[in-house]
2 protein chains.
Amino acid sequence: MDSIKRNEIDIVKIGASKINEVDFENLAFGNIFTDHMLVCDFKDGNWQKPTIKPYEPFLIDPSAKVFHYGQAIFEGMKAYKDEDDAVWLFRPDENFKRFNASAKRMAMPEVPEDIFLGGLNEILKIEKEWVKKGKGNSLYIRPFMIAVGTGVVAAPSSHYRFMIILSPAKSYYSGEVKVVIAEHFSRAANGGIGAAKAAGNYAAQFYPTKLANEEGFQQIIWTDDATHTKLEEAGTMNVFFRINDTLFTAPTSERILDGVTRKSLIAIAERDGIDIKVQSVLVSELLEAAKNGSLKEIFGAGTAAVVNPIVGFSYKDDYFELPKIENSMASQLKDNLTNIQYKLAEDTFGWTVKI
Amino acid sequence: MDSIKRNEIDIVKIGASKINEVDFENLAFGNIFTDHMLVCDFKDGNWQKPTIKPYEPFLIDPSAKVFHYGQAIFEGMKAYKDEDDAVWLFRPDENFKRFNASAKRMAMPEVPEDIFLGGLNEILKIEKEWVKKGKGNSLYIRPFMIAVGTGVVAAPSSHYRFMIILSPAKSYYSGEVKVVIAEHFSRAANGGIGAAKAAGNYAAQFYPTKLANEEGFQQIIWTDDATHTKLEEAGTMNVFFRINDTLFTAPTSERILDGVTRKSLIAIAERDGIDIKVQSVLVSELLEAAKNGSLKEIFGAGTAAVVNPIVGFSYKDDYFELPKIENSMASQLKDNLTNIQYKLAEDTFGWTVKI
Ligand SMILES: Cc1ncc(COP(=O)(O)O)c(C=O)c1O
Ligand SMILES: Cc1ncc(COP(=O)(O)O)c(C=O)c1O
């Protein structure tokens, strides 16, 4: 990322790294953070000088707008280490653009490229020991922005904080995933903020997901809120359906997040001659395909789990089990994508960026 | 509120009050806070002992779930002082119940009555000097709860913080209010969180409201997201429409907040023989009424502004001006409600509660 270096940055290094206290073989996702974080404030209409400093709690006013009005957005991306100890990002420009699209929708200031990507480059150079070699290992990257301006009046803040924190991750195996097809609750409105990675979208899903968990299901596949007839996406993943040998995934919209994994899988599928259609699947079509045996696979796609096969789904009072198949499209696509990410296959798309 | 005293509470008083530095004649809404705040944590499955202590910033981890997943809810209520220097709350049980309904929808723990109402009672006794006499003056009360547990994994927190902060307020005059009828953007989904006072609902409105502001309109009246044909509510107010001598307000639903002001105005209107119908008004009905002259008034209703008359609205490319009328229902209802709140009229409903 030579063209987006950040030269002006204050760096305060930690005294002693805590890396030796970390058990890299037994990492729960998103619970351990590296030694440093990047912090950059927006105030008086301008982005201030960013700082990389020890990861630690910070002071915030009880009336900060993020607490009361939810101005908060984030991104999720990963750094990978190749066999030669080089550290790589995957399509970071996509996360950068999506972050600023989210910022705009939430009436927050856009973050300049040299702060987001340049700052990320700098902190990753400092934290490179935290990126472990070996397929499945990665350093999960969480850029986020919150409104820290004060005052309990429902209007945009004039003071924001952009931060990057980093969490080492192992390959994410969540066990067998069974899903519920939403018939009452929804994640996003027409003309709402579903396409933004806004904090409020996630808490909204916790209660319906808890109800699903209580019935033995791990996740929900959301449907459109107006009719509950169209299959949309899962909590933190886009969703693919394979009917016979055609793979379907919903077009993105105001209600659906434009996932980087989703669009990369579509490109790989097209390159590899898989019959892929960007087209909504109706609940009725899913049920019919499940009943007549043409439904072969369902899987989620997102940065955290990459590809997450779904073993069964419930709709109203019925439960449908997916067939167990060899050479699934899910595993084929996952291998092809992760081989690019870990520099084990040629990156013909030009997606990987060296730190 | 004798029955809901909170006996177990730690109290740490401020050294010197800052009350003499405050210009009570020139208060911007929600920017100045009193000397103390109430703080109570939920962890290990239990509510801890609440503390009343000096208002000040607090430390929070960068990975706190409120920043990433938006688990945050709030309430808005007011304390009033009568001519005999007694301090009163208005229907505090309604805010308490709504707070816990919001908590449930956001998969957060419910706050016990002795902490919410009992704690409020205690802090108001300490801050009673901050409640100024005279109609229009009040102490705005902001109870809120945030997820302070750490970790960037999209699941409910196990650690929460409930707080009450207090801000002195003058009567809220926002100038002439012109509104836009929403035709594309939306505030809430069917099966979503519109009926909860969840932080994320508010930031979602900032960008569309900014666009409206740029066109010279102060607020938006939201319509249902599926068809944009039904008038719902405004950003922080329920909405009433008077057509000839009938007053309409939408029924509450999953998409519409169950406002305390709204339900109090309905009760007063019924008592006073106003023809009030709890029934959605369609955009088409509004346009027709505006064109044929039967549309007499539109006003918002909420705790902050009490009743907020709207002078005109735009829909698509048309702008409609409301007639200027004497003896408006808006001002009649506002007087009757505020007289109860300030103990200037008999409270036949039993809504007011003495501290
Ligand atoms: C709602 C939602 N859908 C889909 C995704 C997948 O997006 P990506 O592949 O960019 O991680 C995410 C993010 O992780 C998400 O939060
Ligand atoms: C979305 C929304 N609608 C309506 C209201 C009015 O509710 P209340 O009268 O209880 O203040 C509020 C709160 O203030 C609100 O946030």
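About the thresholds
- Residues numbered from 1 in each chain as written.
- Chains lettered and ligands numbered in written order.
- Predicted model: local features only at pLDDT ≥ 70, side-chain atom pairs only at ≥ 80, totals over all residues.
- Heavy atoms only, no water.
- Contact = heavy atoms within 4.5 Å.
- Buried area = accessible area lost by both parts, 1.4 Å probe.
- Salt bridge = Lys/Arg side-chain N within 4 Å of Asp/Glu carboxyl O.
- Phe/Tyr/Trp six-rings, centres within 6.5 Å; stacked < 30°, edge-to-face > 60°.
- Helix = DSSP H or I, 4+ residues; strand = E, 2+ residues; numbered from the N terminus.
- Buried < 20%, exposed > 50% of the residue type's maximum accessible area, 1.4 Å probe, protein only.
- Least-squares fit on C-alpha atoms with pLDDT ≥ 70 in both.
- Near = heavy atom within 4 Å.
- Polar contact = N/O pair within 3.5 Å; in protein donor to acceptor, adjacent residues only side chain to side chain.
- Nonpolar A, V, L, I, M, F, W, Y, C, P; charged D, E, K, R; others polar.
- Core = buried A, V, L, I, M, F, W, Y, C linked by side-chain atoms within 4.5 Å.
- UniProt positions renumbered as here; feature names shortened; annotations may be inferred.
- Areas by Shrake-Rupley, 256 points an atom, 1.4 Å probe, with all protein chains shown as cover.

Each partner contributes residues to the interface: chain B has 62 residues there, and chain A has 62 residues. Buried surface at the junction of chain B and chain A, both sides included, amounts to about 5000 Å², of which 66% is carbon and sulfur. For chain B, the biggest contributors to the area lost against chain A are Pro62, Phe67 and Phe206 of chain B; these three give 14% of the whole. Inspection of the chain B/chain A interface yields 0 salt bridges.

Under the counting rule described, the total for this entry stands at 45 aromatic pairs over all chains. Ring geometry for Tyr202 of chain A and Tyr69 of chain B: centres 6.0 Å apart, planes at 65 degrees, overall edge-to-face. In this pair, Tyr202 of chain A sits in helix 4 (residues 199–214) while Tyr69 of chain B sits in helix 1 (residues 65–69), so the two residues belong to two different chains. The same class applies to Tyr202 of chain A as to Tyr69 of chain B, namely buried.

Turning our attention to the relation of the copies chain B and chain A. Taken as rigid bodies, chain B and chain A are interconverted by a rotation of 180 degrees and an axial shift of 0.0 Å, the fit giving an RMSD of 0.0 Å. Both copies are brought into coincidence by an operation consistent with a two-fold rotation axis. Comparing contact sets, 100% of the residues at the interface of chain B also lie at the interface in chain A, consistent with an isologous, same-surface contact.

All right, on to the environment of Met77 of chain B then. Mapped onto the fold, Met77 of chain B is located in strand 7 (residues 77–81). Along the sequence, Met77 of chain B and Asn95 of chain B sit 18 residues apart, while their C-alpha atoms lie 7.3 Å from each other.

All names here are of chain A. Near ligand 1 you find 16 residues, and of these Lys197, Tyr202, Glu233, Thr261 and Thr303 are the closest. In the model, an oxygen atom of ligand 1 is placed 2.4 Å from a nitrogen or oxygen of the Tyr202 side chain. Within the side chain of Thr261, an N or O atom sits 2.6 Å from an oxygen atom of ligand 1. The residue makeup of the shell around ligand 1, split by class, is 5 nonpolar, 7 polar and 4 charged.

Glancing now at the side chain of Ser294 of chain B. All names here are of chain B. Among the secondary structure elements, Ser294 is positioned in the loop between helix 6 (283–292) and strand 16 (295–302). Given the relative accessible area of 10%, Ser294 is considered buried. Those residues in contact with Ser294 that lie beyond four places of it in its chain are Arg242, Ile243, Asn244 and Ala289.

Residues Ile60, Phe67 and Phe162 of chain A together with Ile60, Phe67 and Phe162 of chain B are the most contacted members of the largest nonpolar core, which totals 143 residues. Aside from chain neighbours lying at most four places away, what touches Phe67 of chain B is Phe58, Ile60, Val66, Phe67, Ala72, Phe144, Ile146 and Ala199 of chain A together with Ile60, Asp61 and Pro62 of chain B.

What follows is about unusual backbone geometry. Phi angles above zero are rare outside glycine, and Asn327 of chain A is one such case at about 50 degrees. Note that Asn327 of chain A resides in the loop between strand 19 (318–321) and helix 7 (329–341). Despite not being glycine, Arg91 of chain B shows a phi value in the positive range, around 45 degrees. On the secondary structure map, Arg91 of chain B appears in the loop between strand 8 (87–90) and helix 2 (92–105). Note on Arg91 of chain B: relative accessible area 12%, which makes it buried.

Let's shift gears to the UniProt feature "modified residue: N6-(pyridoxal phosphate)lysine" (unreviewed entry) in chain A. Residue and element names in this part refer to chain A. As recorded in UniProt, the feature "modified residue: N6-(pyridoxal phosphate)lysine" (unreviewed entry) lies at Lys197. Within the secondary structure, Lys197 is located in the loop between strand 11 (177–181) and helix 4. Setting aside chain neighbours within four positions, we find Lys197 in contact with Ala72, Ile73, Phe74, Glu75, Gly76, Arg98, Ser102, Tyr202 and Leu257.

With that settled, the discussion passes to the site of ligand 2. Residue and element names in this part refer to chain B. Around ligand 2 there are 16 residues in total, and Lys197, Tyr202, Glu233, Thr261 and Thr303 lie nearest to it. At a separation of 2.8 Å, an oxygen atom of ligand 2 approaches a polar side-chain atom of Arg98. Within the contact set of ligand 2, an oxygen atom lies 2.4 Å away from a side-chain nitrogen or oxygen of Tyr202. Here ligand 2 loses 96% of its free accessible area of 390 Å² to cover by the protein chains. Secondary-structure elements contributing two or more residues to the shell around ligand 2 are helix 5 (260–271) and strand 16. Of the residues belonging to the shell around ligand 2, the class tally is 5 nonpolar, 7 polar and 4 charged.

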